[in-house]
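# Fold and geometry: a report
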Amino acid sequence: MTNTANWDAGRWQAKLDELRAAHHVPGAVLAVLAGGEIHELASGVLHRGTGVETTTDSVFQLGSIAKIYTATLVMRLAETGELDLDAPVVEVLPEFETIDPEATRAITIRQLLSHTSGLTCDFHLDTGRGDECIARFVEASKGIAMDCPPGTAVSYSSVGYQVLGRIAEVVTGLTWDQALKEFIFTPLGLKQSMTLPEEALSFRAAMSHLGEPGQEPDPAPAWDLMPRSAGPGARVIASAGDVVRLARMHLDGGLAPDGTRVLAPETVEAMQRRETDVPDKWTVSADGWGLGWTLYDWDGTPGIGHDGASIGQYAYLRVVPSAGVAVALVTNGGGARQLYAALFRELLDEFAGVRIPDAFAPPAEPPIVDLARFEGVYRREGVVITVTGDSRLRYEFVDGMKDFSPPLDMDLVPVTDTVFAASGAGPSFSEDWMPVVFSTLSTGTDCVYIGMRAAPKVA
């Protein structure tokens, strides 16, 4: 384990300040667990309109890092015997229903945790602020299309985590928010972690910022543009230090700092065990998926973590169990991914001896690949993707997502014989090259991955 004497606060503060400014990130907080101690640094402002300074106790929206919290909650409930991970969801949640009756009967809790249920990601509906909002969301999602049949591929699904949130509510008799507080926040002593906007008012809360790449972003039209029902997959609000405190429990075999057991050691191990490989290894740097955790392979050294994006706030968590190291970065806009990559590359190299891969991009001399075999139309809920032989791809939003963005037309540059780098995706997707990965479902159906979501070929 790393000696904390190696921690040079002045050096890392200067690095955080420099990179934050270079990438136009208004405010950022960094927390590093190394040598058994947590170090926290803050930089910039919480709100460019008010100029309020960022401090280490400031709270940020964590986006999809919320999935780790929900997975931890569900696994704690599974330990008590109240949940069987391999039981169909309908045994716990009889009202759960997909558009495919066979899929409805087959989908398990384990598949929801590992993103192998086939449920789509991009179904958005505001079901109000009441305590019944997640139940209403699950009811409303009955008619949406599947990305793919259950168990045939990994396809990132926030809907699956909203269903998990509802399962936690049914088992505990509490709202998801209350259950998270009772079973996770309180035993871990997470005093700067919450789920509701009105709770964030007691803290220095970061404002979201939006803008074009390479420019200073402006405050978003609202602090939070997500509905309450998105909580289990997308809304925990916390300080960077509290994110690392959650990770420390997973590093310590399920124990809280005061010795309280939150999870059994075998549960912690199970969550980090590979459930599925991931064809798209670049969008969120994933090499595989466990039960909640994104899994990384850094030249043979395993890592766990998760990325998170709300609307205008971005968060990153990386954990190296063998080194006892965890690093969390929370930000409120701008080129956050570039800040994360530059900062974490240095931090993880120094404190854990691992190297994060370089940014995704085509090689200087791309291979010659015949794109004709990939020509066609691919479709998932809300999205139609058209690939043409002239190395072009059109990404078009349809149905309930038709107003999300105009169609995106992109050039495809080969990286390997099945992986392409798309340019011209725009700030909605990435600020550099976007990965486009062609793969096959276990049923033999061709599919394409964009944004870690599988779209099967339909024509």
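A quick note: this is a predicted structure, and the numbers were derived from the prediction, not measured.

Side chains Gly 376, Tyr 378 and Arg 380 project from strand β14 (residues 376-380) onto a buried face, and the interleaved Val 377 and Arg 379 project onto a face without burial. Relative to strand β15 (residues 383-388), β14 runs antiparallel, the two being bridged by five bridges. Note that in β15 the partner of Arg 380 across the bridge is Val 383. Where β14 folds back onto β15 in an antiparallel hairpin, the turn is made up of two residues, including Gly 382, whose phi is positive at roughly 85 degrees.

Moving on, we come to the packing of aromatic side chains. With the rule as written, the count across this model stands at 15 aromatic pairs. An angle of 10 degrees between the planes, with centres 4.5 Å apart, marks the rings of Tyr 316 and Tyr 340 as stacked. On the criterion of sequence distance, the pair formed by Tyr 316 in strand β12 (residues 314-320) and Tyr 340 in helix α13 (residues 336-352) is long-range, its members being 24 residues apart. In this pair, the class of Tyr 316 matches that of Tyr 340, namely buried. A network of ring pairs unites the aromatic residues Phe 374, Tyr 378, Phe 420 and Phe 438 as a single cluster. When the ring centre of Trp 12 is taken as reference, the NZ or CZ atom of Arg 11 above it lies at 4.3 Å.

Of note, Thr 195 is situated in the loop between β4 (193-194) and α9 (197-200). If we ignore the near neighbours within four places in the chain, the residues touching Thr 195 are Trp 176, Asp 177, Leu 180, Phe 185, Arg 235 and Ile 237.

Quick look at the nonpolar core now. By size, the foremost hydrophobic cluster in this structure holds 75 residues, and its most contacted members are Tyr 69, Ile 109, Leu 113 and Ile 167. A total of nine residues in this core trace back to one element, the largest contributor, which is helix α2 (residues 66-79). Contacts of Leu 113, omitting those with residues within four sequence positions, involve Ala 71, Val 74, Met 75, Leu 85, Tyr 161, Leu 164, Trp 289, Gly 290, Leu 291 and Gly 292. In this structure, Trp 7, Ala 28, Val 327 and Ile 356 belong to the second largest nonpolar core, which totals 30 residues.

With respect to the element layout, Gln 111 can be found in helix α5 (residues 109-113). On the accessibility criterion, Gln 111 (16% relative accessible area) is buried. For Gln 111, the side chain forms a polar contact with the main-chain nitrogen of Thr 108, separated by 3.1 Å. The contact partners of Gln 111, leaving out residues within four places of it in the chain, are Ala 106, Thr 116, Ser 117, Pro 150 and Gly 151.

With antiparallel pairing, the eight strands of this open sheet are ordered in space as β2-β1-β13-β12-β11-β10-β9-β8. Each end of this open sheet is capped by a strand with a single partner; those strands are β2 (37-44) and β8 (276-277). Sheet analysis places strand β10 (residues 294-298) next to strand β11 (residues 301-309), joined by five bridges and oriented antiparallel. Looking at the pairing, Trp 298 lines up with Thr 301 of β11.

Reading guide: rules and limits
Residues numbered from 1 in each chain as written. Predicted model: local features only at pLDDT ≥ 70, side-chain atom pairs only at ≥ 80, totals over all residues. Heavy atoms only, no water. Buried < 20%, exposed > 50% of the residue type's maximum accessible area, 1.4 Å probe, protein only. Helix = DSSP H or I, 4+ residues; strand = E, 2+ residues; numbered from the N terminus. Pairing = 2+ DSSP bridges. Phe/Tyr/Trp six-rings, centres within 6.5 Å; stacked < 30°, edge-to-face > 60°. Lys NZ or Arg CZ within 6 Å of the ring centre and 35° of its normal. Contact = heavy atoms within 4.5 Å. Core = buried A, V, L, I, M, F, W, Y, C linked by side-chain atoms within 4.5 Å. Polar contact = N/O pair within 3.5 Å; in protein donor to acceptor, adjacent residues only side chain to side chain.

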